[in-house]
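# Fold and geometry: a report
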Amino acid sequence: MARLQIEGLCKGWDFPVIDRLDLTVEEGEFFIVVGPSGIGKTTLLRLIAGLETADAGRIAIGDQDITTLPPYKRPVAMTFESYALYPHLSVFENIASPLRARRLDKAAIRQVVTEVAKLLRIETLLDRRPGEISGGQKQRTALGRTLVAEPQVFLLDEPISHLDAKIRHELRLQFHSLEELRRVATLYVTHDYAEALSLGDRIGVMGHGGLVQIGTARDVFMRPRSLFVAQHLGQPAINAVTAHLTGEGAALHVRAGNSSFGFPVVAAHAAALGRGGYRQVTVGIRPQHVKVLRNGEDAPGHHVIDGHVEIYEALGANGVLVADAGGVNLTALTSLERDFAHRQPVRLALQTDAVFYFHADSGDNLLL
Amino acid sequence: MSEQSARLVRTLLLIFLGLWLILTLFPLYWQFITAFKSAAETNRTIPTFWPEVWHFENLAAIFAEPSNFGALVDSFIIATGNTVASLVLGSLAGYAFARFPRQAGGENLAFWILSNRMFPPVAVLVPMFFLFDAMPWGTDSYLSLIILYLVFNMPLATWLMMVFFRDAPRELEEAAYLDGYTPLRAFVKVTLPLVLPGMISVAMLCWIFAWNEYLFANLFVGTQVRTFTIVIPTFTHGSQSLWNLQMAFSMVAMLPPVALFILLRRYMVRGLSLGVVKG
């Protein structure tokens, strides 16, 4: 009943930002829009909220067409990236704002606001002004304001991107457990792929003009439709190597760099690539599919390449190693207890059956 | 800079401030002592700098004539009426220029409104008189001056309010729309409180201008309506100049704006710095 339906939505100023976008978010679904900054994610939310008017297309919630409704008549609540809390009002009044708009009586307002504040664990802050609370508390106040509105569609614009890692994790858990969000359609915008993979029932990757790929988090991550999608999901980013294919039929071979970089294409991939007759491709290798071998270690089913260390960074949970392998820079994930010196020779094992092949010009995934 | 020269600069600064204070406070001092002198004492060739005898009855004397108090009331009505009108019109126009610059006529229209204030008023004194004389409310009425002073105060209000509205984040209004407020209710709930300090300082500036205006009042009103600014000169006429009554009356007329300023100075300072200090 409260499903959000968007058909052929267009919006542009001097250039098109959203071009014929179609999307359906079911009731109870948590849909994440992920994409780089400035691609039009916020514009999409503003169009649904009614803060911008669509150039063309249709937006409906349930059976109701809301394309031309003013924002205050839409059953929609939105959190802003800047939180947009009213600086002259207390936290209580900020949360109560949607209830005051509906002219509820005092007792009812107090009850609802207190409940929501407890849920978000800001009940001790109700008398303070937004200027007197921390970023995470502001975020929760903004979220509280949208929760009390009991809308049919929630729009959350980068709600936790500007918070520090610890609070971000805590709020991410909170999003998982908020029953309220499970009863309505939620559209959540972020540029952080980890948020997208962790929170979303389905995610949509936004590129120029609209959503490039929609699917479950796992599906989009495992089967990216294009290089753009693959590059946007994953940290560190996928290795994109410009390469050409040599050989015939099932005996295809990848060559790149100064030609000492290369590996045989696995049979399943070779069949798909051979049909198209592709020669120039972009090879995508996720860092977790590049293994840095220990001395004397063997890697069955992997293709081993010699290289040397360019950069090594020890991060929180693992190490990130950038190696030069025959003129190609490859990023690999390593375990934290290992250490590497600059120019140290290393042996890299590529998991060749997990490699992606993208069209050299269009970036389309050639294996799909 | 050595300690010695720092002290020298400080001393020079204090001397300058002292001189400046004397310069600005002397007229007020002169007004105060003259207000309590006898008429004879005010006319001496060698002036006295402190009244020989304090004539407090001067204050009573000016209000012995009831129309003098009436003049203060008339001035108050005109200044307040004009301030309200300037604020309402200026806020609406300023809001439009700040939020919808293109639809509201853009920079050119906004600048044209401001240019009205750059015009030397005395150049249009006589045409204005004939223009207002042809209006249903004539020249000698509250409405004539309330409307006339809009020429000076509305551009000021429009421009200052435009700046204040520009500084009030649009996103807050949008958040209010999404909370379910209509544009008018969102304006009252969110935008107005944010610009209120600025609005109060604009109100002060408008009110003081209208309260003090003499040139147009002198020509326009005088029979039905009299402002205090045109009453003060009447203490000076052919045979004698009652400087003491003139000063006593002007001293009383000075009280309302000073009281207003003291009451509202907190807002005034905040308002004038609204555009400078963010957050």
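Computed from a prediction, not measured in an experiment: that's the story for all the values here.

## Quick notes on the overall build of chain A
Within chain A, the secondary structure is distributed over ten helices and 20 strands. Across its three principal directions, the C-alpha atoms of chain A cover 75 × 45 × 35 Å. For chain A, the proportion of its 368 residues judged to be buried stands at 40%. The contacts of chain A with a sequence gap of at least 6 include a subset with a gap of at least 24, amounting to 65%.

## Topic: the domain arrangement of chain B
Along its sequence, chain B is organised into domain 1 (3-35) and domain 2 (65-242 + 253-272). The gap between the C-alpha centroids of domain 1 of chain B and domain 2 of chain B is 33 Å.

## Some remarks on the nonpolar core
Counting 153 residues, the largest nonpolar core has A:Ile48, A:Val153, A:Leu155, A:Leu187, A:Leu348, B:Leu145 and B:Met161 as the members making the most contacts within it. Apart from residues lying up to four places away in sequence, A:Val153 is in contact with A:Ala2, A:Leu4, A:Ile48, A:Ile61, A:Pro75, A:Val76, A:Val184, A:Ala185 and A:Leu187. Membership of the second largest hydrophobic core comes to seven residues, among which are B:Ala35, B:Phe36, B:Ile62 and B:Ala248.

## Points about the domain arrangement of chain A
All names here are of chain A. Parsing chain A into structural domains produces domain 1 (4-232) and domain 2 (239-359). For domain 1 and domain 2, the distance between their C-alpha centres works out to 39 Å. Each partner contributes residues to the interface: domain 1 has five residues there, and domain 2 has five residues.

## Quick word on the sheet that holds strand β12 (residues 253-256) of chain A
Residue and element names in this part refer to chain A. On the basis of which strands lie adjacent, the open sheet formed by five strands has the order β13-β12-β11-β14-β20 and antiparallel pairing. Of all strands in the sheet, those bounded by a partner on one side alone are β13 (261-264) and β20 (356-359). With strand direction ignored, the average angle separating the axes of adjacent strands in the sheet is 35°. As paired elements, strand β14 (residues 280-285) and β20 share four bridges and run antiparallel to each other. Each residue of the ladder has a partner; that of Thr282, found in β20, is Phe358.

Rules used throughout
Residues numbered from 1 in each chain as written. Chains lettered and ligands numbered in written order. Predicted model: local features only at pLDDT ≥ 70, side-chain atom pairs only at ≥ 80, totals over all residues. Helix = DSSP H or I, 4+ residues; strand = E, 2+ residues; numbered from the N terminus. Buried ≥ 20, exposed ≤ 12 C-beta atoms within 10 Å, placed from the backbone. Contact = placed C-beta atoms within 7 Å. Domains from an automatic or database assignment. Core = buried A, V, L, I, M, F, W, Y, C linked by C-beta atoms within 7 Å. Pairing = 2+ DSSP bridges. Axes fitted to C-alpha atoms, helices over the stretch in contact; angles between N-to-C directions.

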